[in-house]
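Commentary on secondary and tertiary structure
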Amino acid sequence: MWQKSRPYILILPSLLIIGTLFFGGLILGVLQSLGFMDVEGNSHFTINAYKQLILSKDFTNSLVLTLKVALVSSVLSGVLAIVLIRLLFMLGENRKTAIFRKIFQMPMLVPHITAAYLIMLLFMKSGWLSSITYFVGITKSMDAFPIVVNDPNSLGIILTYIWKETPFIMLMIFPIMSRIQDSWLEIAQVFGARRQEFFVEVIFPLIIPTWLSSMLIVFAFTFSDFEVPYLLGETYPKFISVYSYNMYYNGQLSDRPMALAANFILAIITAMIGGLAYKLAKKGYTKEVRW
Amino acid sequence: MKQKSFLINLVLLVILAMLFVGCGKNKDNSEKTVSMYMWGGSESINNYMDKWVAPRLKGKGIKLNRVPVTNIKDTINKLITEKQVGKDDGSVDILWLNGENFRLSKESKILSEPFVDTLPSYNKYVAVNSPEVKYDFGEETKGLEAPWGKVQFVFIYDSEKVKTPPKSFKQLKIWIKDNPGKFSYPVSEDFTGNAFLRQGLFELNGGYEKFMTDFNEKAMEGESKPLWKYLNEIEPYLWQQGRTYPENLSKLDKLYSNGEVWMTMGYDEARAESEIKRGSFPKSTKTFVLDSGTLANTHFLSIPFNSNHKSDAKEVIDFLLSPEAQIAKFNPDNWGDGLSIDINKLSVEDAKKINAIDRGQSTLSLKELQSHRIPEIKADYVKFIEKGWNDNVAKK
Amino acid sequence: MKKQGKGTYYIIIGILLLAFLLPFIPLVINSFAYNFRWPRFIPSNVTLRAFKYVFYENSNTYEAILNTLIIAISVVVIDVIIAVPAAFSLVRYEFKGKFIIKAVLFAPIIIPSFTAIMGMYVVFIRLSLTESIYGVILAHILPTLPYMLKALMVSYGTLDIALEQQAMVLGSGPISRFIYISLPHILPGIVTGASLTFLISISQYFLTFLVGGGKVITISIVMFPFISGGDNAIGSVYGLLFSSLAIINLILIDLLLKKYYKKRYFKII
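1. Section: the overall build of chain A
- Helix and strand content of chain A: eleven helices and zero strands.
- Element order for chain A, N to C, with α for helix and β for strand: α-α-α-α-α-α-α-α-α-α-α.
- Projecting the C-alpha coordinates of chain A onto the three principal axes gives extents of approximately 80 × 75 × 30 Å.
- Here chain A, with 291 residues, has 46% of them falling under the buried criterion.
- In chain A, the proportion of contacts linking residues at least 24 apart, taken out of those at least 6 apart, comes to 73%.

Below, the structure is given as structure tokens:
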């Protein structure tokens, strides 16, 4: 009996904490969004919050905006990551590239709020880059500098995410690359393969699943992130996380169920993305094992 | 096995640290500590509290714990939730608030019983019958909150870039169109942003007197139309073509400080001077009020229902209302905030001290400020404008 | 052709390196500046005023540093203690419901923790966990535990079960098996997981703000008002402070891992 329940007992503390805190919190949030435990302590089931949410143009605009930006950010980060990885590979394994690799990892040293701040310092119309372009003569005034932060295309936000998430994707891919390199590179070179061909025909197909799944993770993250859009976003439409925060803290107490409903929808969407990422990562693992 | 002993040392260190933290927290409650929740976005205000007020309170045996808040509404929402669940030991001892926030607190019954007439300073120095003390945005204070200071709304501008500042919303529109991209105002949820909108409402409706009555939603629908029209007309000429607005006053200040916009604004007629001193605002910064007057109000201190240090909190508030603290607060070297006590009730020396204080080149004279004051209206209007602006202007 | 080709690669990488390092430049410059505004790109007034404010005048800074460290280290310790047995179980055993349990444990990597915390808020208030450092520590466990689990599972995966079986045959009990065989082997996993956990914990703003209510002061909390407005120099100094913590964390981890692998290497020889 002891033997049988052993695995469960070992897992128990972790499971308890995540189970109660995380899923308990989600469930409580859902319950409150459905009308239970409301402001006065009353409970009656209603999907009013969800109805209002779906009908509200604010919410749908937020959702669309957030999805768009998350998509662009994750795809661009992924592409940049592959470009950088290929470049580093072509330059070989030496001290110089080891340093380069460390430099590309540097954005991971700052939290997202600081990263947003740095992008703001750089790209505001009155920011540092604007001073330089004015000095060099590219722009003749502050107004000539393009709008990058607090802008309708969320450029500042996308730049921040690319800067922060590309190193993350690279980090996910490195271990696989080094495993492949150690095992196969020399052999391939014996057979006359050049580095370029090796990358395209051997490395790239093998890292695709991990690449895709880490892009999905980035997508899920940027979709739900709060701090960056809060600092660099526009007044309207707001990102989903900012929308929910605004509704919860600045709205009436009666708005809270709607905020929690928005949270629930957010959680569902990210959960689905997570499921996809998992499936892809598994495929990659089996592919690699076959090699 | 070096790694093992390292890990063990680490664990011991953490346990020690946690015990230390735990002990520290207990100590906090037994000693006379008063936690004051107040807006933390101004360094001058923070410095006045930390460097002038706190040491003097320490001398009286009270430790002041200043808790900086970005929006006091968050704290009020927290207290409302605490009242709901019946939490009796709260962490907030003093609340700095006024206007809509006071009204919300009063309605939600999260304040302690009326206390101001137990304060010696209040009885001695405050003009207790003045409407500026008895009413807070049209809501009766009923002794639930003590007046801490007074402020007046001013516009701040860079005199190097703006040669003749506009003196009315009408003139402002012309100025904005002549200087595209150089003006903006905070969103309606922001305290200052909403005040800007209210003043626009007054001028476009022939004066503030109309709005001194109770809030009437139907009437407001009609009265607010000219305001939205005006704001939409100037929108394309604003910063970022009005596609977005600064999320709070601090952001607008930052844009002004960087030179992206040429004006900012706010309650606190002496703020510009402290910012110039700190190097945030350019030296050429000056202020102006509208010919038809700008909003002036009182800000207050109150004690929540579940504070565990009510008598100590009262002592702190009493000290903050004393002539000594008020005069220091008035001095722009510290904060520069207006007096909440009546200068006529002070001693001759104290009155002399006040008149001798130089509030700086950028601050308007008391005479000019006082001749251009208009009172605040009921908080219902604030809420209406907050939502109305989002619906009619922000979303285009 | 090879040399030439490499040349273009170096140029491209050089440009990208510059792009990645670019955001750090205004961070450093602004921290030393006074009255620094457009169109100047090099400050005319260089001063340590902002450093003085942050480290000398502002009483919150040291409390923030202390709290940040206490929270991060506590979270690391708790995560290690509960993740080690869980990782072991997940790697070694097959049991019913394993898939669902894994999904639950790793969910916080994908689903943002604030959705759960907002829902939990009322309960936290009732348990007096709001505005308390204990509540914040609890909340930080959510986004960090899955990473610790992952790191440990990788480590356990490389531990040959034959070693443990040998020890069992030789009469060693489960506890000494753990201390002498498993622990040394999973140390790199612990170190990696700890490093990630530390980084994630100190980077938290929203979670700390939600639970701590602004009363539990961490570096992120003090930094925030200066980022959305306020003094550029002070915001930059706080940014530098944060980065230094992260760098120290990284260097420590690097050293520890190097030391470990060196020792291991010699053992094998």
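The discussion continues.
2. So, the overall build of chain C
- The helix and strand tally for chain C stands at twelve helices and zero strands.
- Walking chain C from its N terminus toward its C terminus, one meets helices and strands in the order α-α-α-α-α-α-α-α-α-α-α-α.
- A compact globule built from 269 residues should have a C-alpha radius of gyration of about 18 Å, whereas chain C, at 23 Å, is more than 25% larger.
- Across the 269 residues of chain C, 49% fall into the buried class.

3. Structural notes on the interface of chain A and chain C
- Each partner contributes to the interface: chain A provides 63 residues, whereas chain C provides 60 residues.
- Elements supplying a minimum of two residues to the side of chain A that touches chain C: α1 (2-33), α3 (57-91), α4 (95-104), α5 (112-123), α6 (128-136), α8 (195-224), α9 (227-232) and α11 (256-290) of chain A.
- When residues of the side of chain A that touches chain C are assigned to their parent elements, the largest contribution, 19 residues, is made by α1 of chain A.
- Considered class by class, the residues forming the side of chain A that touches chain C number 47 nonpolar, 15 polar and one charged.

4. Examining helix α3 (residues 49-57) of chain C
Residue and element names in this part refer to chain C.
- When α3 is considered as a whole, its buried residues turn out to be Arg49, Ala50 and Val54. The buried residues of α3 occupy an angular sector of 135 degrees when the element is viewed end-on, so they sit on one face. Away from the buried face of α3 by more than 90 degrees, exposed residues Lys52 and Tyr56 are located.

5. Observations concerning the interface of chain A and chain B
- Across the contact, 15 residues belong to chain A and 17 residues belong to chain B.
- In the side of chain A that touches chain B, the residues fall into seven nonpolar, five polar and three charged.

6. A look at the environment of Glu324 of chain B
Residue and element names in this part refer to chain B.
- Positionally, Glu324 belongs in helix α13 (residues 323-330).
- The class for Glu324 is partly exposed, based on 14 C-beta atoms found within 10 Å.
- Separated by 26 residues in the primary sequence, Glu324 and Asp350 have C-alpha atoms spaced 8.4 Å apart.

7. Some points on the nonpolar core
- The biggest cluster of nonpolar side chains holds 165 residues, and the ones touching the most others in it are Ile119, Met120 and Ala262 of chain A together with Ala83, Ile117, Leu152 and Tyr238 of chain C.
- Top element by residues in this core is helix α4 (residues 59-92) of chain C. It accounts for 16 residues.
- Counting residues in each nonpolar core, the second largest holds 51 residues, with Ala195, Phe211, Leu238 and Tyr256 of chain B among its members.

8. Structural notes on the pairing of strand β3 (residues 94-97) of chain B
All names here are of chain B.
- Burial of β3 is two-sided: the residues Ile94 and Trp96 facing one way and the residues Leu95 and Leu97 facing the other way are all buried.
- Two elements, strand β1 (residues 33-39) and β3, share two bridges in a ladder whose sense is parallel. Along β3, the bridge assignment pairs Met36 with Ile94.
- Pairing of β3 with strand β9 (residues 294-302) involves three bridges; the strand directions are antiparallel. Bridge pairing links Leu97 to Phe300 in β9.

9. Describing the packing of α4 of chain C against helix α11 (residues 219-228) of chain C
All names here are of chain C.
- Running from N to C, α4 and α11 cross one another at 135 degrees; their axes reach a closest spacing of 7 Å. Between α4 and α11, the interaxial angle falls into the category oblique. Contacts between α4 and α11 involve Asn60, Thr61, Ala64, Ile65 and Thr68 from the former and Ile219, Ile221 and Val222 from the latter.
- Considering only residue class, the contact of α4 with α11 consists of five nonpolar, three polar and no charged.

10. A short note on the confidence of the model for chain C
- Predicted confidence across chain C gives a mean pLDDT of 85, with 96% of residues reaching 70 or more.
- Both confidence scores are given for the complex: pTM 0.82, ipTM 0.83.

11. Points about the environment of Leu249 of chain B
Residues and elements named next belong to chain B.
- Tracing the backbone shows Leu249 in helix α10 (residues 249-258).
- Here the alpha-carbon distance between Leu249 and Met265, two residues 16 residues apart in the chain, equals 8.1 Å.
- Not counting residues within four places of it along the chain, the set of residues in contact with Leu249 comprises Pro186, Asp190, Thr192 and Gly266.

12. Brief notes about unusual backbone geometry
- Backbone torsion omega between Tyr236 of chain A and Pro237 of chain A reads -5 degrees, so that peptide bond is classified as cis.
- Mapped onto the elements, Pro237 of chain A comes out in the loop between α9 and α10 (240-249).
- Not every positive phi belongs to a glycine, and Asn150 of chain A is a case in point at roughly 50 degrees.
- You can see Asn150 of chain A is positioned in the loop between α6 and α7 (155-190).
- Phi is positive for Asp268 of chain B, which is not a glycine, with a value near 110 degrees.
- Since 25 C-beta atoms lie within 10 Å of it, Asp268 of chain B is described here as buried.

13. A look at the environment of Gln252 of chain A
- By the element assignment, Gln252 of chain A lies in the loop between α10 and α11.
- Separated by 21 residues in sequence, Gln252 of chain A and Ile273 of chain A have C-alpha atoms that sit 32 Å apart.

About the thresholds
Residues numbered from 1 in each chain as written. Chains lettered and ligands numbered in written order. Predicted model: local features only at pLDDT ≥ 70, side-chain atom pairs only at ≥ 80, totals over all residues. Helix = DSSP H or I, 4+ residues; strand = E, 2+ residues; numbered from the N terminus. Buried ≥ 20, exposed ≤ 12 C-beta atoms within 10 Å, placed from the backbone. Contact = placed C-beta atoms within 7 Å. Rg over C-alpha atoms; globule rule 2.2 N^0.38 Å. Nonpolar A, V, L, I, M, F, W, Y, C, P; charged D, E, K, R; others polar. Arc of directions from axis to C-beta. Core = buried A, V, L, I, M, F, W, Y, C linked by C-beta atoms within 7 Å. Pairing = 2+ DSSP bridges. Axes fitted to C-alpha atoms, helices over the stretch in contact; angles between N-to-C directions. Parallel < 35°, antiparallel > 145°, perpendicular 65-115°, else oblique. pLDDT = per-residue confidence, 0-100.

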